[in-house]
Amino acid sequence: MRIADKFNKGRVVFSLEVFPPKKESGVETIYNTLEQLSDIKPDYISVTYGAGGNGGVQQSCEIAANIKLKYGIEPVSHLTCVNNTKDEIIKVLADFKTKGIQNLLALRGDINPDIPRKTDFVYASDLVSFVKTYDKSFGVAGACYPEVHMEAKNEVDDIFNLKKKVDAGADNLVSQLFFDNEVFYRFIERAKIAGINVPIQAGIMPVTNKKQIERMVSMCGASFPSKFSRVIQRYGDNPQALRDAGIAYAVDQIVDLIANGVDGIHLYTMNNPYVAKTIAKSIEKLL
Ligand code: FAD
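From a predicted model like this one, the values you see are computed outputs, not experimental measurements.

Visitor: Please provide a residue-by-residue account of the overall build of the protein chain, values included.
Guide: What the protein chain contains, in helices and strands, is 10 helices and 8 strands. Here the protein chain has a C-alpha radius of gyration of 18 Å; the compact-globule value for 287 residues is 19 Å, and the two agree. Across its three principal directions, the C-alpha atoms of the protein chain cover 50 × 45 × 45 Å. Classification of the 287 residues of the protein chain by burial places 53% in the buried group. Counting only contacts in the protein chain whose residues sit at least 6 apart along the sequence, the fraction spanning at least 24 positions is 80%. For the protein chain, the accessible surface area stands at approximately 13800 Å², while carbon and sulfur atoms represent 51% of it. Each charge class in the protein chain can be summarised by its mean position, and for the 35 positive and 34 negative side chains these summaries are 2 Å apart.

What follows is the structure in structure tokens.
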């Protein structure tokens, strides 16, 4: 089933994101995680990989295929294009097809200055239109940035670029994580004004450890509202308290988003089933 068909059914789409295990962890760790996450019965589970890594998409595709086979949950494979030629993308799409993966999240990927860039695809919208022309039956989602993508000139340019991605055929959008719902609501307003009418899921990341917070700031420039900073200040040095406070903060964000009519919630699980299950349990009656 295409993910876009899950929206507009009078309920909020709820999905999870996982990443492939680090080399040193062993592949079985992700299946232990998925086994537990499958109890949540999310609308779909998406699988990431690093655009710069070798063989990343193959591993991610393998995990996505197993999400469908083992747990009967719709998978979404992330697909980056910054380091790929069209021929390479065609091979990956054929692999998706063979493995029963119907949905993908089309991304440009982060540019790694140490890897010479391939030039077949410049922006994610190039990949979106390529996939849609290659095979219309794929459901294609795109990424969006409530706090504006780090490389964009300004918020107006970024939203026009997002409109290009939707015009290229993106069926639905998934947002970068954010901690301030007001930022998301302003972004939704800009998207509406720009004529972006596809469903937009809010990306929520429960912050449950201090290292994660530092990474967040350096990688995606997420801003911290004072309410959130106070949580970190108070519980930053107490791992268990920070975990519980991070869960509570995420639940609070989700409740507010649902009350304000959000299309969907995409939970960045960080492969932590306890955190994901606790949040899912708290909001199951709200979806
Ligand atoms: P684009 O949509 O191409 O945008 C990149 C920049 O180019 C933006 O500044 C945009 O404003 C600008 N732009 C876009 N189109 C045009 C145009 N036509 N003309 C001029 N400027 C334009 N990375 C991974 O490596 N692996 C993953 O699995 C992964 N998963 C992600 C999941 C989500 C939900 C999100 C939000 C991000 C994810 N990323 C992942 C990170 C992503 O690859 C980076 O943020 C990357 O820098 C941009 O990717 P994009 O697809 O948003 O690019």
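After that view, the rundown keeps rolling.
Visitor: Any chance you could break down the site of the ligand for me, citing the residues and the numbers?
Guide: Residues in close proximity to the ligand total 25 residues, the closest being Tyr49, Asp110, Tyr145, Asp158 and Lys165. The backbone of glycine 109 places a nitrogen or oxygen atom 3.1 Å from an oxygen atom of the ligand. Between the ligand and alanine 152, the relevant distance is 3.3 Å, taken from an oxygen atom to a main-chain nitrogen or oxygen of the residue. Protein chains bury 86% of the 980 Å² of accessible surface belonging to the ligand in isolation. Elements that contribute at least two residues to the shell around the ligand include exactly β3 (75-80), β4 (103-107), α5 (155-167) and β6 (172-177). With 4 residues, α5 is the single largest residue contributor to the shell around the ligand. For the shell around the ligand, the residue count by class is 11 nonpolar, 8 polar and 6 charged.

Visitor: Pulling in residues and values, what's your account of the sheet that holds strand β5 (residues 139-144)?
Guide: In spatial order, the strands read β1-β2-β3-β4-β5-β6-β7-β8; together these 8 strands close into a barrel with parallel pairing. On average, each strand axis in the sheet is tilted by 30 degrees relative to the strand beside it, whichever way the strands run. Bridging between strand β1 (residues 13-18) and strand β8 (residues 264-268) involves 5 bridges; their strand directions are parallel. Along β8, the bridge assignment pairs glutamate 17 with tyrosine 268. Its contacts with the sheet put helix α4 (residues 124-134) on β3, β4 and β5, and the angle it makes with β4 is roughly 145 degrees.

Visitor: I'd like a description of helix α3 (residues 86-98), backed by residues and values.
Guide: Residue pairs spaced three or four apart in an α-helix point in one direction, given the helix's 3.6 residues per turn. For α3, with 13 residues, the first-to-last C-alpha span of 18 Å sits near the 18 Å given by 1.5 Å per residue. Every buried residue of α3 is accounted for by Ile89, Val92, Leu93 and Phe96. On an axial view of α3, the arc spanned by its buried residues comes to 100 degrees, and they lie on one face. Exposed and oriented more than 90 degrees from the buried face of α3 are Asp87, Lys91 and Thr98. Each element contacted by the buried residues of α3 is listed here: α2 (56-71), β3, β4 and α4. Positive phi appears at glycine 100, one or two residues downstream of α3, with a value of about 75 degrees.

Reading guide: rules and limits
- Residues numbered from 1 in each chain as written.
- Predicted model: local features only at pLDDT ≥ 70, side-chain atom pairs only at ≥ 80, totals over all residues.
- Heavy atoms only, no water.
- Helix = DSSP H or I, 4+ residues; strand = E, 2+ residues; numbered from the N terminus.
- Rg over C-alpha atoms; globule rule 2.2 N^0.38 Å.
- Buried < 20%, exposed > 50% of the residue type's maximum accessible area, 1.4 Å probe, protein only.
- Contact = heavy atoms within 4.5 Å.
- Areas by Shrake-Rupley, 256 points an atom, 1.4 Å probe, with all protein chains shown as cover.
- Lys, Arg positive; Asp, Glu negative; His and termini not counted.
- Charge placed at Lys NZ, Arg CZ, Asp CG, Glu CD.
- Near = heavy atom within 4 Å.
- Polar contact = N/O pair within 3.5 Å; in protein donor to acceptor, adjacent residues only side chain to side chain.
- Nonpolar A, V, L, I, M, F, W, Y, C, P; charged D, E, K, R; others polar.
- Pairing = 2+ DSSP bridges.
- Axes fitted to C-alpha atoms, helices over the stretch in contact; angles between N-to-C directions.
- Expected span 1.5 Å × (residues − 1).
- Arc of directions from axis to C-beta.

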